[in-house]
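Here are the chains, one letter per residue:
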2 protein chains.
Amino acid sequence: MVKRARMRSERSSLMNVGRRVDYAVRALSYLAGQPEGKIISRADIEKSQDIPSFYLSKIMKDLVAGGLVQSHIGSKGGFTLAKGASTISIKDVYETVERPLVLMECLEQGMNYCSFCAVCSQKSVWEKAQFVLAEFLAGVSIAEIADRQGLKSRLRAPLQQAV
Amino acid sequence: MVKRARMRSERSSLMNVGRRVDYAVRALSYLAGQPEGKIISRADIEKSQDIPSFYLSKIMKDLVAGGLVQSHIGSKGGFTLAKGASTISIKDVYETVERPLVLMECLEQGMNYCSFCAVCSQKSVWEKAQFVLAEFLAGVSIAEIADRQGLKSRLRAPLQQAV
DNA sequence: ACAATGGAGACTTACAGAGTCTATATTTAA
DNA sequence: TTAAATATAGACTCTGTAAGTCTCCATTGT
């Protein structure tokens, strides 16, 4: 049973974006690279992007619900982007697949998280950090990632022929 | 048994800084607000900052190991800052108490995390996002937080008298 | 001697992230 | 009309980790 098993002892933990977002970005970039209107099946995305099958299924559901991709049920069904790749930011993807970007719980839960919330001098620091990060991620689109991906493929092909 | 129990159903999850960092910043700010060289016991910090006792113990250990605070063993022992509060950045605190700031595992694990690492067009996005965030956090010091804390206390006092 | 402290570390618990699988509804195509 | 291919929905498992609790020991001031 050589079933390619993903290493699980990666100790990801706090303060990093997980696989859901990773996979979502891959899937969206892949869709963005397809010919206009072409319907791509889940299995296709999975194989090309090395994503665990059934896991992607749940992620796509979120992307559909969030209005980022359109689904086509039935035989020959699959997915297409629901909007231009340049209008989908990484922040959009994150918040669609995960949840609103919140660096410190107190920013969301207030006194529920910490009784000192009202007079906390730490809070505004995380607020600004969160803003800085969100701004950056809002400024990067799926189109940019997909373009770079395409560029790399195009560049690699002639190089390999040369060798 | 009205033992103040912290709500656990907070669903913190991915992409946010946890309590360890929160508590560490509180403790350091508190120490920064003390008269030069005054030794503060763990129990004192706990009570004033509403931090679970034994949990803080482990955090302080990390801060000592990281050279941010100095410990004084024995009766009348406790902690003092090991360096100027203005030279301790939030990034320092985070990395001392948690671990190096890494937004996406592939940035740390490379091919170990994802086989497409070498040709990944997503990677540089997270790299930059991480840099942006780290830069910001490196620019905020414990001194700034402590000052604001002190400022707020000073401002609040006269206001309450006025009412 | 004794009480007060930090140091070290074992231990518990809850939960979320990640992954797997199955049943169902829908659609195309033969 | 039937069969195959697809998305949808959601139940289920496994594992690691954050968070919290507690106990024993070494050290130090009084």
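Asker: Report on unusual backbone geometry, specifying residues and quantitative values.
Answerer: The phi angle at aspartate 50 of chain A is positive, at roughly 55 degrees, despite the residue not being glycine. As for its placement among the helices and strands, aspartate 50 of chain A is situated in the loop between α2 (42-49) and α3 (53-65). In this model, lysine 76 of chain B sits at a positive phi of 60 degrees, which is unusual for a non-glycine residue. The residue lysine 76 of chain B is located in the loop between β1 (69-72) and β2 (78-81) in this model.

Asker: Outline the relation of the copies chain B and chain A, supporting the account with residue identities and numerical values.
Answerer: Each copy of the chain is related to the other by a rotation around an axis and a translation along that axis. Note on the identical chains: chain B maps onto chain A by a rotation of 180 degrees and an axial translation of 0.0 Å, with an RMSD of 0.0 Å. Classification of the inter-copy transformation places it as that of a two-fold axis. Relative to the rotation axis, the C-alpha of methionine 15 of chain B is the closest in chain B, positioned 1.9 Å from it. Interface residue correspondence from chain B to chain A reaches 97%, placing this contact among same-surface, isologous pairings.

Asker: Go over the pairing of β1 of chain B with me, naming the residues and quoting the values.
Answerer: All names here are of chain B. Bridging between β1 and β2 involves four bridges; their strand directions are antiparallel. Of the residues in β2, the one forming a bridge with valine 69 is leucine 81. Linking two consecutive strands that pair antiparallel, namely β1 and β2, is a turn of five residues; a positive phi of about 95 degrees is found at glycine 74 within it.

Asker: Any chance you could break down the protein's contact with DNA strand C for me, citing the residues and the numbers?
Answerer: In the vicinity of DNA strand C there are 35 residues, among which Gly18, Phe54 and Gly74 of chain A together with Ser13 and Ser71 of chain B approach most closely. Looking at the surface near DNA strand C, the elements with two or more residues in it are α1 (19-32) and α3 of chain A together with α2 (42-49), α3 (53-65) and β2 of chain B. Here the element with the most residues in the surface near DNA strand C is α3 of chain B; it accounts for six residues. Classifying every residue of the surface near DNA strand C by side-chain character gives 11 nonpolar, 14 polar and 10 charged.

About the criteria used
Residues numbered from 1 in each chain as written. Chains lettered and ligands numbered in written order. Predicted model: local features only at pLDDT ≥ 70, side-chain atom pairs only at ≥ 80, totals over all residues. Helix = DSSP H or I, 4+ residues; strand = E, 2+ residues; numbered from the N terminus. Least-squares fit on C-alpha atoms with pLDDT ≥ 70 in both. Contact = placed C-beta atoms within 7 Å. Pairing = 2+ DSSP bridges. Near = placed C-beta within 6 Å. Nonpolar A, V, L, I, M, F, W, Y, C, P; charged D, E, K, R; others polar.

Read these as layout, nothing more, since geometry by itself doesn't imply function.
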